[in-house]
Amino acid sequence: MPRNPSDWELNIKRQIRHRYTEQNNSGGLHSDAKVKLKLYGYKQALIDKLPKELISRFSGCGCPVAELQISGHETIIDLGAGAGIDSFLLALSLDSGKVISLDLSPINLSTFGKPLENLPIYPISGDIERVPLANEIADVIVCNAALNLTIDKATAMKEIFRLLKPGSIFVATDLVSDIPLPREIIENPLAHTTSLGGVTTEKNILRLLEKTGFKNITISGHEYEEFTTRVIIKAAK
Ligand SMILES: C[S@@+](CC[C@H](N)C(=O)[O-])C[C@H]1O[C@@H](n2cnc3c(N)ncnc32)[C@H](O)[C@@H]1O
């Protein structure tokens with residue numbers, strides 16, 4: 001039985017929706033988004049394919065797309081897709097597959113707009129912790145800087161596991177931290193709307209993935225930042 005969300009959780013999710021809606025409405029987070037994309041592992045050839053509406057709204061912390069080999073026939077789910085940069089790039093490499101882009105913040109999906117018109121992208125509004133999709137429909141699940149924003153990571157991982165076909169893979173880029181975060185971060189009212197608020201240890205991520213039933217788990221690509229480390233998480237069902 002799925003648990004009922006607490007008032008606190010509902011409130012945090014309202015704040016997340018509000019924050020990312022505002023962020024997208026105001027044109028995005030980074031004025032130097034192209035530089036960030038390059039730094040985070042997007043090849044120049046991929047960046048050149050991105051419409052400018054998407055580039056400025058990049059809000060990820062890595063490049064899950066670079067970790068995948070796509071045959072062109074997959075059903076891919078992009079969880080916490082935001083403005084849809086990864087969804088867009090993945091959709092470009094499909095012949096007969098599709099990308100389902102899920103985000104909590106419905107307004108983000110409206111920024112998909114014209115550039116995505118002819119691509120097999122299906123935006124849906126929803127919560128990673130309660131995905132409104134059937135079991136075992138995905139060949140690949142990607143998640144760029146959104147797993148940390150879930151309140152209950154064990155539930156989120158169970159959902160990801162449920163959605164994957166047997167033998168399929170999950171690739172996430174996210175932040176981990178092994179040091180106690182300073183009070184000004186933890187107690188910042190905005191902390192839970194950024195990946196910082198929900199950050200956990202690498203050990204905990206590993207433990208949760210194992211407990212869920214994932215196999216061949218790797219956490220790699222460590223890039224150390226001031227309080228957190230950017231990592232690439234891969235796991236198979
Ligand atoms: C840091 S942004 C990353 C967006 C995008 N993946 C990118 O790389 O640009 C995090 C996104 O996750 C979404 N999000 C946060 N919590 C979520 C949840 N529980 N379910 C679905 N989406 C969520 C937010 O609305 C936001 O668009």
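Residues numbered from 1 in each chain as written. Predicted model: local features only at pLDDT ≥ 70, side-chain atom pairs only at ≥ 80, totals over all residues. Heavy atoms only, no water.

Student: Could you give me a rundown of the site of the ligand, with the residues and numbers involved?
Tutor: Around the ligand sit 21 residues, and of these Ser59, Gly80, Asp103, Ser105 and Asn144 come closest. Here an oxygen atom of the ligand sits 2.7 Å away from a polar atom, N or O, in the side chain of Ser105. A distance of 2.9 Å is found between a nitrogen atom of the ligand and a backbone nitrogen or oxygen belonging to Asn144. Summarising the interface, the protein chains cover 98% of the accessible area of the ligand, which totals 600 Å² for the free molecule. Contributions of two or more residues to the shell around the ligand are made by helix H1 (7-25) and strand E2 (98-103). Class assignment of the residues belonging to the shell around the ligand gives a composition of 10 nonpolar, eight polar and three charged. (Near = heavy atom within 4 Å. Polar contact = N/O pair within 3.5 Å; in protein donor to acceptor, adjacent residues only side chain to side chain. Areas by Shrake-Rupley, 256 points an atom, 1.4 Å probe, with all protein chains shown as cover. Helix = DSSP H or I, 4+ residues; strand = E, 2+ residues; numbered from the N terminus. Nonpolar A, V, L, I, M, F, W, Y, C, P; charged D, E, K, R; others polar.)

Student: Which residues make up the sheet that holds E2, and what values go with them?
Tutor: Strand order in the open sheet formed by seven strands is E3-E2-E1-E4-E5-E7-E6, with mixed pairing between adjacent strands. Because the sheet does not close on itself, it has two edges, and the strands there are strand E3 (121-125) and strand E6 (215-224). Direction aside, neighbouring strands of the sheet carry axes that sit 15° apart on average. In terms of strand pairing, strand E1 (residues 75-79) meets strand E4 (residues 138-144) through four bridges, oriented parallel. Considered in E4, the bridge of Asp78 is made with Val142. Strand contacts of helix H9 (residues 202-212): strand E5 (164-176), E6 and strand E7 (229-236), with the helix running at about 160° to E6, the strand carrying the most contacts. (Pairing = 2+ DSSP bridges. Axes fitted to C-alpha atoms, helices over the stretch in contact; angles between N-to-C directions. Contact = heavy atoms within 4.5 Å.)

Student: So what's going on with the pairing of E1? Which residues, and what values?
Tutor: In terms of burial, E1 is a largely internal element, five of the five residues being buried. Across the two faces of E1 the burial is the same, with Thr75, Ile77 and Leu79 and Ile76 and Asp78 all buried. With five bridges connecting them, E1 and E2 associate as parallel partners. Each bridged residue has a counterpart across the sheet, and for Asp78 the counterpart in E2 is Ser101. (Buried < 20%, exposed > 50% of the residue type's maximum accessible area, 1.4 Å probe, protein only.)

Student: So what's going on with the pattern of salt bridges? Which residues, and what values?
Tutor: Overall, the coordinates contain 10 salt bridges when judged by the stated rule. Linking Glu67 and Lys234 is a salt bridge whose minimum nitrogen-to-oxygen distance equals 3.1 Å. With Glu67 in the loop between helix H4 (52-55) and E1 and Lys234 in strand E7, this pair connects stretches of sequence that are 167 residues apart. Taking the relative accessible area as the measure of exposure, Glu67 reaches 26% and is therefore partly exposed. Of the residues examined, Lys234 reaches a relative accessible area of 27% and is grouped as partly exposed. The partner of Asp139 in a salt bridge is Lys165, and the shortest N-O contact between them spans 3.0 Å. Of this pair, Asp139 sits in strand E4 while Lys165 sits in strand E5; the two residues are 26 residues apart in sequence, bridging distant segments of the chain. Several salt bridges share partner residues, and in doing so they unite Glu9, Lys13, Asp127, Glu129 and Arg130 into one network. (Salt bridge = Lys/Arg side-chain N within 4 Å of Asp/Glu carboxyl O.)

Student: Could you give me a rundown of the packing of aromatic side chains, with the residues and numbers involved?
Tutor: Centre-to-centre distance and the angle between the planes together describe a pair of aromatic rings. Taken as a whole, this structure holds four aromatic pairs when the rule is applied. Both rings, one in Tyr42 and one in Phe58, keep their centres 5.5 Å apart while their planes meet at 80°; by these two values the pair is edge-to-face. Of this pair, Tyr42 sits in the loop between helix H2 (33-39) and helix H3 (44-47) while Phe58 is found in the loop between H4 and E1, placing the two residues 16 residues apart along the sequence. Lys237 extends its terminal NZ or CZ atom over the ring of Phe161, reaching a point 4.8 Å from the ring centre. (Phe/Tyr/Trp six-rings, centres within 6.5 Å; stacked < 30°, edge-to-face > 60°. Lys NZ or Arg CZ within 6 Å of the ring centre and 35° of its normal.)

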